[in-house]
Amino acid sequence: MSRFSIILQILKNAIFKPQLLQELSRERAEIKDDEKFRSHKYSYNFNSISDFFKKRFPDVEINEFERELHELDEHVDDFFKSLQTKKYPSRDKPYPIDYSINSDSRKFLYILCRILKPKNVVETGVAYGLSSSYILKALDKNQSGTLHSIDSIFRPWQSEDMIGAAIPENLRHRWNFNLGKSTEKLQQVFDELDGVDIFIHDSLHTYKNMMFEFECAEKNLNENGTIISDDVLDNDAFFNFSNRDNLNGHLIKVNDDLGLGLIIKN
Ligand SMILES: C[S@@+](CC[C@H](N)C(=O)[O-])C[C@H]1O[C@@H](n2cnc3c(N)ncnc32)[C@H](O)[C@@H]1O
């Protein structure tokens, strides 16, 4: 899609879907506001995901879980290969490839869900559905649990068809997708469930949105529930939230020097 057709699409949407344009300008303002919330000095509690599992779950043999991922890893590689010839942004490629959660983080989600065997997992931010696929694979192996995901359509070239497009057909029976913004849907999803064990934030990484989602999760998660957040180094939301409420926040180093945040309540 050329720059001209992107502008044209946005203008067309401004006329027919004015709320999309309002949403975009609200998002811009929130991102700008984020500059005020970047002062924390970070240090990792765990230098890798293996370091985390070795220290927190010393009796678990994580290599065995890693071996279970061969087929899904291949499926994801093939999915991305199929997008290589497509142009971003377009209806066939509505998200950039590097929007997806990285390989360490998705492996982390898989192993943690294999160990904790959650009944309900809630996540915000699906895009092509990488995090969703690895969580669903773990639930499938566990033969229990449901993943409840929230995402919406924010750009003219996005569509519901492409949200979760990478999720293999055989893993979709444990998936409950909710279309909408997290500010509109998250509380509703929690209200409909009989206890949630794990919450994962990977939607809009602004201070305001992250704070909203963490607070909502803390209020609604089971007593010993877990909050996970991708990209916690973008601003101070994860650190301010965990320090303010005396929660035990951990920072795990994942590929490309990115930080995965984890809080285990109680
Ligand atoms: C970083 S991507 C998610 C990547 C995904 N977890 C994966 O592993 O492939 C962020 C996603 O959050 C969605 N998003 C952005 N703002 C949101 C909001 N306010 N509520 C829900 N989803 C949102 C975007 O549409 C996008 O699909």
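Residues numbered from 1 in each chain as written. Predicted model: local features only at pLDDT ≥ 70, side-chain atom pairs only at ≥ 80, totals over all residues. Heavy atoms only, no water.

It is worth spelling out the state of the cysteines at this point. Scanning the entire structure with this criterion turns up zero disulfides. A disulfide-free cysteine, Cys 113 has its sulfur positioned 19 Å from the sulfur of Cys 216, the nearest such atom. In this structure Cys 216 comes out as buried when scored by relative accessible area, which is 5%. (Disulfide = S-S within 2.5 Å. Buried < 20%, exposed > 50% of the residue type's maximum accessible area, 1.4 Å probe, protein only.)

Here the focus is the environment of Leu 186. Take Leu 186: it is sitting in helix H8 (residues 182-192). Beyond its immediate stretch of four places on either side in the chain, Leu 186 contacts Val 122, Thr 124, Ile 150, Phe 199, Phe 212, Glu 213 and Cys 216. (Helix = DSSP H or I, 4+ residues; strand = E, 2+ residues; numbered from the N terminus. Contact = heavy atoms within 4.5 Å.)

The subject of this paragraph is the pattern of salt bridges. Applying the stated criterion across every chain, the model contains twelve salt bridges. Salt-bridge contacts for Glu 23 lead to Arg 26; the nearest nitrogen and oxygen are separated by 3.3 Å. Taken together, the residues Glu 23 and Arg 26, both in helix H2 (residues 18-33) and three residues apart, mark about one turn of the helix. In this structure Glu 23 comes out as buried when scored by relative accessible area, which is 18%. Where Lys 55 meets Asp 51, a salt bridge forms, and the shortest distance between an N and an O atom there is 2.8 Å. Here the residue Lys 55 and the residue Asp 51 both occupy positions in helix H3 (residues 49-56), the gap between them amounting to four residues, near one helical turn. Under the relative-accessibility criterion, Asp 51 is labelled buried at 15%. One network of salt bridges, in which partners are shared, links Glu 23, Arg 26 and Lys 181. (Salt bridge = Lys/Arg side-chain N within 4 Å of Asp/Glu carboxyl O.)

Let's shift gears to a negative patch on the surface. Negative charge collects at one region of the surface, where Glu 71, Asp 73, Glu 74 and Asp 77 lie side by side. Mapped onto the elements of the fold, Glu 71 is located in helix H5 (residues 70-83). The exposed category is assigned to Glu 71, whose relative accessible area is 56%. (Patch = residues over 30% accessible without salt bridge, like charges linked within 9 Å, V, L, I, M, F, W, Y side chains within 5 Å. Areas by Shrake-Rupley, 256 points an atom, 1.4 Å probe, with all protein chains shown as cover. Lys, Arg positive; Asp, Glu negative; His and termini not counted. Charge placed at Lys NZ, Arg CZ, Asp CG, Glu CD.)

With that settled, consider the pairing of strand S5 (residues 226-229). Burial along S5 is two-sided: the face carrying Thr 226 and Ile 228 and the face carrying Ile 227 and Ser 229 are both buried. Strand direction decides the pairing type here: strand S4 (residues 198-201) and S5, joined by four bridges, are parallel. Bridged to Ile 198 within S5 is Thr 226. Note that the unit made of S4, helix H9 (residues 207-220) and S5 has a crossover that is right-handed. (Pairing = 2+ DSSP bridges. Right-handed = clockwise from strand over helix to strand, strands pointing away.)

Okay, the nonpolar core next. One finds Phe 52, Phe 108, Tyr 128 and Ile 228 to be the most contacted residues of the largest nonpolar core, which totals 45 residues. Elements represented by at least two residues in this core include exactly H3, helix H4 (62-67), H5, helix H6 (103-116), helix H7 (130-142), S4, strand S6 (249-254) and strand S7 (258-264). Formed by 24 residues, the second largest nonpolar core is a distinct cluster that contains Phe 199, Met 210, Cys 216 and Ile 263. (Core = buried A, V, L, I, M, F, W, Y, C linked by side-chain atoms within 4.5 Å.)

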